[in-house]
Amino acid sequence: MPSLISIHAPGPDAPTRHELQTLESIWASQDKVTDRRIDFIDKSMRWHQPLPGVTADDVAAMFQRLLAWPAWVRLFARPPHAVLAASHLARQRGLNPGVRWVAPGAGAPFDPPKGPPGVDILRADWASGAAEVQRAAARAKSQGLVLVVDESLTGFRLSRRGAVEAFGLEPDAVLMAIDLPGGASAAILAGIGEPPRKAAAAPDAEVLAHLAGLARWLGEFDLAGRLNDLGRGLEVGLNFFRRKAMLDAELFVERPWALPRLGGKRVWAFMELAREEGLLMDKMVMLDAGLDLEVMQRLVWPRLARAVARLRVLPEGQKAPGGWREAGPTAKRIGLDELLPAQK
């Protein structure tokens, strides 16, 4: 099983001299970006070229090599089939077939509607740190349950081997629901010990080609490293602009950099303003590995700056207005040039 790596370790989170100059210039100009929209909501894995002519066994072997630790990999045409296979796995081991979803940091576990659980499916994407995730994993093990880590969002993003490596976990299996280009999806269940005996429909040839292309791309490209760099760029930019606007409590970004989360009292208004600026964001920021740091500075930072500046003068409790407004009772429409001196 892979050793624990730190995803919250101190890093170069302060702007470099060059970055600071760029950020100051962006804040002073508040230029509107009219280039292409940036989508940090899309969860799909879309950065690869399909690899046709492969079988389900071929693709399973490719993912087994990528993950390194599982003894077996099974592919499924639909994510619910992988969850059902985890339930069958529990039944094979003499346990209850019920599935309980556990997501540290996102609320109480969701117990199965029919009887006690035999499987804990653990999501780590909302956890505040490794200790919280490890406690949930240890609880499942102490109860004798099958521990499945849901890597649908964390897989390959937090590290090459996902949350299992990032948090030092030793699950019975991992589950990945993978969104692919064109609205297609598939799922993977991989684990140790005896595999599920019941078979389910494998993905069709087109989806297998995408999965094979994705596996090949993941083997050649440092996805976690690219996302880590982009996440750092997002944090540096947002921290600079929110401090300029004196919005520390109203808006902030939380690590890990590879899968950052937005928070604060006014995060929903900020996301709406960012959308109006052509930057689509949700509280869980799905960074686009097709971008680089130059694009982050040229297309993302200016949009962050304008959204933060607009949030600063938006009356609390209101959503994004059609134009710029004072926070005063007259609600007079004013131009951006009039607002900038107060923001600098």
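Residues numbered from 1 in each chain as written. Predicted model: local features only at pLDDT ≥ 70, side-chain atom pairs only at ≥ 80, totals over all residues. Heavy atoms only, no water.

A.B. asks: Would you take a moment to explain the pairing of strand β6 (residues 173–179) for this structure?
C.D. replies: In summary, the side chains of a regular strand alternate between the two faces of the sheet. Counting buried residues in β6 gives 5 out of 7 residues, a clear majority hidden from the surface. Examined bridge by bridge, strand β5 (residues 146–150) and β6 share 3 bridges and lie parallel to one another. Bridging from a neighbouring strand, V148 pairs with A173 of β6. Here β6 pairs with strand β7 (residues 185–191) via 7 bridges, running antiparallel. Looking across to β7, one finds that A173 is bridged to G191. If you look at the hairpin formed by β6 and β7, you'll find 5 residues sitting between the two strands, and G182 has a positive phi there, around 80°. (Buried < 20%, exposed > 50% of the residue type's maximum accessible area, 1.4 Å probe, protein only. Helix = DSSP H or I, 4+ residues; strand = E, 2+ residues; numbered from the N terminus. Pairing = 2+ DSSP bridges.)

A.B. asks: Explain helix α8 (residues 267–276) to me, please; I cannot follow it from the model alone.
C.D. replies: Within an α-helix, residues lying three or four positions from one another point in the same direction, as the helix has 3.6 residues per turn. Taken together, the buried positions of α8 are V267, A269, F270, M271, L273 and A274. Positive backbone phi, at 90°, marks G278, one or two positions downstream of α8.

A.B. asks: Looking at this model, I keep getting lost on the sheet that holds strand β4 (residues 117–123). Mind explaining?
C.D. replies: Strands in a sheet are paired, the pairing made by backbone hydrogen bonds, and the direction either parallel or antiparallel. Strand order in the open sheet formed by 6 strands is β2-β7-β6-β5-β4-β3, and the pairing between neighbours is mixed. Of all the strands in the sheet, the pair left with one neighbour each is β2 (72–76) and β3 (98–102). In this sheet, neighbouring strand axes are inclined to one another by 25° on average, regardless of whether the strands run parallel or antiparallel. Where β4 lies against β5, 5 bridges are found, and the strand directions are parallel. Bridge pairing in β5 links R123 to D150. Taken strand by strand, helix α3 (residues 79–92) contacts β2, β3, β4, β5, β6 and β7, and its axis lies near 25° from that of β7. Its contacts with the sheet place helix α4 (residues 130–142) against β3, β4 and β5, and it is angled at close to 170° to β4. (Axes fitted to C-alpha atoms, helices over the stretch in contact; angles between N-to-C directions. Contact = heavy atoms within 4.5 Å.)

A.B. asks: So what exactly am I meant to see when it comes to the packing of aromatic side chains here?
C.D. replies: Two aromatic rings, taken as a pair, are described by how far apart their centres are and by the angle between their planes. Scanning the entire structure with this criterion turns up 5 aromatic pairs. Between W47 and W217, the ring centres sit 5.5 Å apart and the planes meet at 35°, which makes this aromatic pair tilted. One end of the pair, W47, is in the loop between β1 (38–40) and α2 (56–67); the other, W217, is in helix α6 (residues 205–220), and 170 residues separate them in sequence. We note that W47, like W217, is buried. Measuring from ring centre to ring centre gives 6.2 Å for F63 and F156, while their planes differ by 50°; the resulting arrangement is tilted. Here the residue F63 occupies a position in helix α2, and F156 occupies one in the loop between β5 and α5 (162–166), the gap between them amounting to 93 residues. (Phe/Tyr/Trp six-rings, centres within 6.5 Å; stacked < 30°, edge-to-face > 60°.)

Scope: geometric values only; no functional claims are made or implied.
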